[in-house]
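Report on the structure
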Amino acid sequence: PTTATKAGRGTRRTRSGRLVCLAGSVQKMTTQELEVAISSRDKPMVIDFFATWCGPCVMLSKVLEQLAAELGDNVSFVKIDTDEEVELASYFQIQGLPTLMVLGKDKGSKVLRAEGLLPADQIKQMIQEVS
């Protein structure tokens, strides 16, 4: 597949080959893509650890899509399938699904983490806390 195909819906590659999320979307990523996205982030990032068989995960994904559309370019939203990225889920000690991690834009900023289905307002509050 071409890199454009690999990038998937809601992303594009820059001339340098860097994968970037388009505003208003939640992008599914692999471990390697997440490593690049985390190290090169310049805005807060919300990482959704999910599984396709998880009912609350499906409901949360709808909330995150709405927030991504609402917040646009100000926040990056990504999701990680824990069944496909088992080592990554283990590294981050993901035990309950869904699990959200909210990272500030700066490398040294605090990271917030929450398990379970959260309302949009609570996720916005977490984003503001790390910003």
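Here the structure is a predicted model, which is why all the values come from computation and not from measurement. (Residues numbered from 1 in each chain as written. Predicted model: local features only at pLDDT ≥ 70, side-chain atom pairs only at ≥ 80, totals over all residues. Heavy atoms only, no water.)

Let us look at unusual backbone geometry. For the bond running from Leu97 to Pro98, omega is -10 degrees, close enough to zero to count as cis. Along the chain, the position of Pro98 falls in the loop between helix 4 (86-91) and strand 6 (99-103). Backbone geometry at Gln93 places phi at a positive 55 degrees, although glycine is not the residue there. With respect to the secondary-structure elements, Gln93 resides in the loop between helix 4 and strand 6. (Helix = DSSP H or I, 4+ residues; strand = E, 2+ residues; numbered from the N terminus.)

Attention shifts here to the state of the cysteines. Taken as a whole, this structure holds 1 disulfide when the rule is applied. Covalently, Cys54 is tied to Cys57 through a disulfide, its sulfur atoms 2.4 Å apart. Of note, the bridge from Cys54 to Cys57 carries an S-S torsion of about 80 degrees and is right-handed in sense. Both residues of the pair, Cys54 and Cys57, belong to the buried class. (Disulfide = S-S within 2.5 Å. Buried < 20%, exposed > 50% of the residue type's maximum accessible area, 1.4 Å probe, protein only.)

Moving on, we get to the sheet that holds strand 7 (residues 111-115). What the 5 strands build is an open sheet, ordered 3-5-4-6-7; its pairing is mixed. In this open sheet, the two edge strands, each paired with only one partner strand, are strand 3 (26-28) and strand 7. Sheet twist, expressed as the average angle between the axes of neighbouring strands with direction ignored, equals 20 degrees. Packing against the sheet, helix 2 (residues 31-39) makes contact with strand 3, strand 4 (45-50), strand 5 (76-81) and strand 6, and its axis sits at approximately 160 degrees to strand 4. (Pairing = 2+ DSSP bridges. Axes fitted to C-alpha atoms, helices over the stretch in contact; angles between N-to-C directions. Contact = heavy atoms within 4.5 Å.)

Going through the model one piece at a time under the given rule, you end up with 4 salt bridges. The residue Asp73 makes a salt bridge to Lys43 at a minimum N-O spacing of 3.7 Å. Pair noted here: Asp73 is in the loop between helix 3 (55-71) and strand 5 and Lys43 is in the loop between helix 2 and strand 4, with a separation of 30 residues, a long-range link. Relative accessible area serves as the criterion here: at 53%, Asp73 is assigned to the exposed category. (Salt bridge = Lys/Arg side-chain N within 4 Å of Asp/Glu carboxyl O.)

When pLDDT is averaged across the protein, the result is 86; 82% of the residues are at 70 or more. In the model, residues 1-11 has pLDDT below 50 throughout and makes 19 contacts with residues more than four positions away in sequence or in other chains. (pLDDT = per-residue confidence, 0-100.)

To continue, consider the nonpolar core. Ranked by size, the top nonpolar core spans 19 residues in total, and within it Val46, Leu64, Phe77, Leu100, Val102, Ile123 and Ile127 carry the most contacts. Contributing elements (two or more residues each) for this core: helix 3, strand 6, strand 7 and helix 5 (120-130). Per-element accounting of this core gives the leading share, 6 residues, to helix 3. The next biggest cluster of nonpolar side chains, apart from the first, holds 14 residues, and it includes Met29, Leu34, Ile47 and Val78. (Core = buried A, V, L, I, M, F, W, Y, C linked by side-chain atoms within 4.5 Å.)

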